[in-house]
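# Chains, contacts and geometry: an overview
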Amino acid sequence: MSFSILSNNLRLDSEERIDLWHQTVDAIERYVVNVDELPVQVLPEPSVLRERLQAFDFSTPIEPSVALQLVTDSMRSMQTHVSHRRYFGLFNPAPASVGILGEALTAAFNPNVAAWSHSPFAVAAEEHVGCAIGSRFGEAFKWGTFTSGGGEANLTAFLCALTYRYPSYLKDGLRGLDREPVAYVSAASHHSLVKAARSCGLGSGALRVVPCDETLGMDLAQLRSAIAQDRAAGREPFVVVGTAGATATGIIERLEDIAQIATREHMWFHVDAAWGGLAAFVPELSSELRGIADADSITFDPHKSLSVPMGAGLFLTRHPNILAHTFAVTEDYMPPKTDEGERLDPYVHSLQWSRRFAGLKVLLSLSVAGWDGYANALRHQTEMGNLLREQLHAAGFTVVNDTPLPLVCFLREDATFNAAETAERAVQSGRVWISPTRLPDGRSVLRAAITNYLTEPSDIAALVAEVVNSAQA
Ligand SMILES: *Cc1c(COP(=O)(O)O)cnc(C)c1O
């Protein structure tokens, strides 16, 4: 019998490993220090990508240091740098340093957060930080689970709402129901809710997309009449989703009013606060989320607003047993279930099974920044948003969205203005990243979100200058 364990690059000795760590740390440090000098976006031709990938030939192993060099060079030169201070884009923050370290530790210790018996610290730490974040939205939000992101959290919300309303759903699915269940979202809500409706068996046909009113948020009169029509037709409204911080416009819908309608109609009230939940971390903004404390469940993404690396989402709920009820299963190969209460096995209350320690980077970032550190960082981003509004106004643009959050939608009211072309020219300059979007009322506008806690007034001025240039070109 022969053993071939040594003839591979999986087992490294300590010296080799430390050299590779140094190489990695140097590459990360160089990136973090000078990302602002790189063009914000560089997109290669697909043929260039194909050629680059030829270097990864799995029949001829390459040296680890060469492989690391290849991937770091490729990521430096072939991606949109969301950590750039002039990336005014989607909700992808620059990850704070301890969050990056947390990711490395998560990978190295690799605790499996499926079972308490395997990772008691990780399980308890996620509960601790999840519960602390939940308390920002209301004392009731003591239960929840970390998710891969907002998409999984929204699916979890639909699954919990179905289970809560229809105990037979777990066994018989939707086939067992005598009335067709209906879910209400708005034209401003995120498309992950469409996927959620498909994935839980509702189908997108069971999703009522309520139009928005002049606030660019859900039109409540239309919500009421859609519910009444569905009831009259023998269907059953069971969940309504309010969005706190719409992806396109940053609008916070009227959560208090939606909560009232949900109560009156005996519907589950879910708030999608994937990004806009940041308002709960800034004392003077928290009242903007009025009504969120009445939610049955909340989606909140630390990887969008708390400057941690992807992926870290949270599903939070006021209902103590609903997650365990929705996801509980038993498996003989899993370690025996430990006692209820203090030693919960996360695999029985989450969609995922083997699960990475997503909460570590959040725990680390929150513990070194503290609530005040986050309040300061997010307040700063909000101030940069206000500065952007002022400067756009001075440059002759019209801001069209009314939100306290740092997301500005704007246009220039003249016939030659074209949002898509302006954005494209600005992005091609490499100096900023900004995108066009369409409002619920159909208007094309430019959209700029401040997601980086390092963005400064000089970056705002650079954005405005770039947009003025690109709009005229
Ligand atoms: C981004 C976003 C989501 C989806 O979250 P992911 O973390 O990307 O899965 C859901 N809802 C809203 C409002 C969002 O902005």
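Residues numbered from 1 in each chain as written. Predicted model: local features only at pLDDT ≥ 70, side-chain atom pairs only at ≥ 80, totals over all residues. Heavy atoms only, no water.

## Brief notes about the side chain of S350
The cut-off we apply is this: Labels follow the DSSP assignment, with helices taken as runs of H or I lasting at least four residues and strands as runs of E lasting at least two, numbered in each case from the N terminus. Distance and chemistry together define a polar contact, namely a pair of N or O atoms within 3.5 Å, with one atom able to donate a hydrogen and the other to accept it when in protein, and with adjacent residues in sequence counting only for side-chain atoms on both sides.
Within the secondary structure, S350 is located in the loop between α12 (322-327) and α13 (359-394). Within the structure, the side chain of S350 is placed 3.0 Å from the backbone nitrogen of Q352, a separation counted as a polar contact.

## Describing the layout of surface pockets
For clarity, the threshold we go by: Only protein atoms enter the 1 Å grid used here. Points where a 1.4 Å probe fits but cannot escape make up a cavity, open sets with protein on both sides within 12 Å along at least five of seven lines make up a pocket, and a residue lines them when an atom lies within 4 Å of a point. Grid points are joined across faces, edges and corners, and a volume is the space filled by probe spheres set on the points.
Approximately 1600 Å³ is the volume attributed to the largest pocket. Breaking the lining of the largest pocket down by element, the ones donating at least two residues are α1 (14-34), α3 (64-77) and α4 (97-109). At 14 residues, α1 tops the list of elements feeding residues into the lining of the largest pocket.

## A look at the environment of Q472
In this structure, Q472 sits in helix α15 (residues 457-472). In this structure, the C-alpha to C-alpha distance between Q472 and T416, residues 56 residues apart in sequence, is 8.5 Å.

## Examining a negative patch on the surface
Note the cut-off: By definition, no residue in a patch forms a salt bridge, and every one has over 30% relative accessible area; like charges are joined within 9 Å, nonpolar side chains (Val, Leu, Ile, Met, Phe, Trp, Tyr) within 5 Å. In this description, accessible areas are obtained by the Shrake-Rupley approach with a 1.4 Å probe, and a residue is regarded as covered only by the protein chains that are shown. Only one rule defines a salt bridge in this text: a Lys or Arg side-chain nitrogen within 4 Å of an Asp or Glu carboxyl oxygen. For the purpose of counting charges, residues Lys and Arg are taken to be positive, whereas Asp and Glu are taken to be negative. His and the chain ends are not included. To locate a charge, the coordinates of NZ of Lys, CZ of Arg, CG of Asp or CD of Glu are taken.
A surface patch of like charges, here negative, comprises D13, E15, E16, D19 and E63. Here E15 shows up in helix α1.

## Some words on the site of the ligand
Condition: Near is defined per residue: the residue qualifies when any heavy atom it owns lies within 4 Å of the molecule or strand. Under the scheme applied here, ten amino acids are nonpolar (Ala, Val, Leu, Ile, Met, Phe, Trp, Tyr, Cys and Pro), four are charged (Asp, Glu, Lys and Arg), and all others, including Gly, are polar.
Near the ligand there are 14 residues, and of these G150, D272, D301, H303 and K304 occur at the shortest range. Between the ligand and the protein, one listed contact pairs an oxygen atom with a side-chain N or O atom of T247 at 2.9 Å. When the ligand is considered free in solution it has 380 Å² of accessible area, and contact with the protein chains removes 83% of it. Mapped onto the shell around the ligand, the elements with two or more residues apiece are α6 (150-165) and α11 (302-305). For the shell around the ligand, the element with the most residues is α6, which contributes three residues. In terms of residue class, the shell around the ligand is made up of two nonpolar, nine polar and three charged.

## Description of the packing of α6 against helix α8 (residues 192-199)
Test applied: Angles shown run from 0 to 180 degrees and are taken between the N-to-C directions of axes, each axis being a line fitted to C-alpha atoms and, for helices, limited to the stretch in contact. Put simply, angles under 35 degrees are roughly parallel, angles over 145 are roughly antiparallel, angles from 65 to 115 are roughly perpendicular, and the rest are oblique. With the far helix as reference, a near helix turned anticlockwise by less than a right angle produces a left-handed crossing, and one turned clockwise produces a right-handed crossing. Working rule for contacts: check all heavy atoms of both residues, and any pair within 4.5 Å makes them a contact.
It is the contact of α6 with α8, at a shortest axis distance of 9 Å, that shows an interaxial angle of 45°. Judged by the inter-axis angle, α6 sits oblique to α8. Where α6 crosses over α8, the handedness of that crossing is right-handed. Side by side, α6 and α8 meet where G151, N154, L155 and F158 of the first sit next to S192, L193, A196, A197 and S199 of the second. Its residues placed into classes, the contact of α6 with α8 shows five nonpolar, four polar and no charged.

## Brief notes about the pairing of strand β10 (residues 435-438)
Rules: Buried, partly exposed and exposed residues are distinguished by accessible area as a fraction of the type maximum, computed with a 1.4 Å probe on protein chains only: under 20%, between the cut-offs, and over 50%, respectively. Pairing between strands is defined by DSSP: at least two bridges between the two strands are required.
Only one face of β10 is covered, namely the face carrying S435 and T437; the face carrying P436 and R438 is uncovered. Summarising the sheet, β10 and strand β11 (residues 444-449) pair through four bridges and their orientation is antiparallel. The residue of β11 that forms the bridge with R438 is S444.

## What to know about the nonpolar core
Applicable threshold: Residue types Ala, Val, Leu, Ile, Met, Phe, Trp, Tyr and Cys, when buried and joined through side-chain atoms within 4.5 Å, form a set referred to as a nonpolar core.
By size, the foremost hydrophobic cluster in this structure holds 90 residues, and its most contacted members are I133 and F137. Per-element tally for this core: the top contributor is α13, with ten residues. Once residues within four sequence positions are removed from consideration, F137 is found in contact with G277, A280, L289, I292, A293, I298, F300 and L316. Within the second largest apolar cluster, 28 residues are counted, among which are A196, A197, L202 and L207.

## Considering unusual backbone geometry
Negative phi values dominate among residues other than glycine, just as trans dominates among peptide bonds. Residues M310 and G311 are joined by a peptide bond in cis, for which omega reads -10°. Topologically, G311 is positioned in the loop between α11 and β7 (313-317). The phi dihedral of N110 falls on the positive side, at around 45°, and the residue is not glycine. Note that N110 resides in the loop between α4 and α5 (120-137). Of note, H266 is a non-glycine position whose phi angle comes to about 55°, a positive value. Of note, H266 is situated in the loop between α10 (255-264) and β5 (268-272). Exposure remark for H266: the relative accessible area of 62% places this residue in the exposed category.

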